[in-house]
Amino acid sequence: MSAILGPIHHWLFRKIRLQNDLTNSIIEMANGRGIEAGLYDIDEKFGVLPEGELGNIIDPTNIHGWLQGKIALVERRLAFVTKAITDENPENINLICECAKEFGRKNASGKMSSPFEGFEYYENTFVSGMPCDGVNMVVNEDSEELMWQETVDIHSQYWDESDVDVAKFYEIRNAMIEGVFEGSGLSFYALGNGVYKLVKE
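About the thresholds
Residues numbered from 1 in each chain as written. Predicted model: local features only at pLDDT ≥ 70, side-chain atom pairs only at ≥ 80, totals over all residues. Heavy atoms only, no water. Pairing = 2+ DSSP bridges. Helix = DSSP H or I, 4+ residues; strand = E, 2+ residues; numbered from the N terminus. Axes fitted to C-alpha atoms, helices over the stretch in contact; angles between N-to-C directions. Contact = heavy atoms within 4.5 Å. Buried < 20%, exposed > 50% of the residue type's maximum accessible area, 1.4 Å probe, protein only.

Caption draft 1: Focus on the pairing of strand β3 (residues 186-192). Here β3 pairs with strand β4 (residues 195-200) via six bridges, running antiparallel. Looking at β4, one finds that G192 is bridged to V195. Where β3 hands over to β4, the hairpin turn is made up of two residues, of which N193 adopts a positive phi near 55°.

Written out as structure tokens, the structure is:
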């Protein structure tokens, strides 16, 4: 299997696992606060991300399709959890974002020497579809600032399936990004229309 799987597959699966861990943290937060949101049957609805070494769990005859399926799984789980927790009380999005920011802190980048290094950490941490999707395109870069554009919204299809506004996804992700870059020496800005930047402090 090691001859078939490459570093990029392990890289992608690590990001998939991280998003799955975020969703599990949100579920734990909701349960700890006594939020009854119908989360008990999430595994039956969407399945669970398999545990173990990637080489032991992936379908070797369909590596690309298997990984794409696991991206869909973690996207759908996060969308479902968000809808369940916010449907009765829209203000609960603030609790989810607080949880996401704390999760980001636990996966912090540490001190970054440049915005480019920070962007690399971002790319190594957050699910943005398959590598071939080429979602994030750098549009401006110098020693003090790096700006990138999301060329396509690959998340909304999953949130549309759950009938929940994809804007909530971006709120949650941005909160996690802020946590990730706390203390890094970089400031993160979401500029709107899929444009983001990291600026050296």
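Caption draft 2: Structural context of the sheet that holds strand β2 (residues 145-150). Pairing in this open sheet of four strands is antiparallel, and the strands run β1-β2-β4-β3 from one edge to the other. Each edge of the open sheet is held by one strand with a lone partner, namely β1 (136-141) and β3. This sheet shows a mean twist of 25° between the axes of neighbouring strands, independent of strand direction. Sheet topology places β2 next to β4; five bridges connect them, and they run antiparallel. What sits directly across from M147, in β4, is K197. The sheet strands contacting helix α6 (residues 115-123) are β1, β2, β3 and β4, and the helix crosses β2 at an angle near 35°. Packing against the sheet, helix α8 (residues 167-180) makes contact with β2, β3 and β4, and its axis sits at approximately 165° to β3.

Caption draft 3: Focus on the side chain of N20. By secondary structure assignment, the location of N20 is in helix α1 (residues 7-32). Residue N20 is classed as buried on the basis of its relative accessible area, which comes to 9%. Every residue in contact with N20, bar those within four places of it in the chain, is listed here: L49, V74 and R77.

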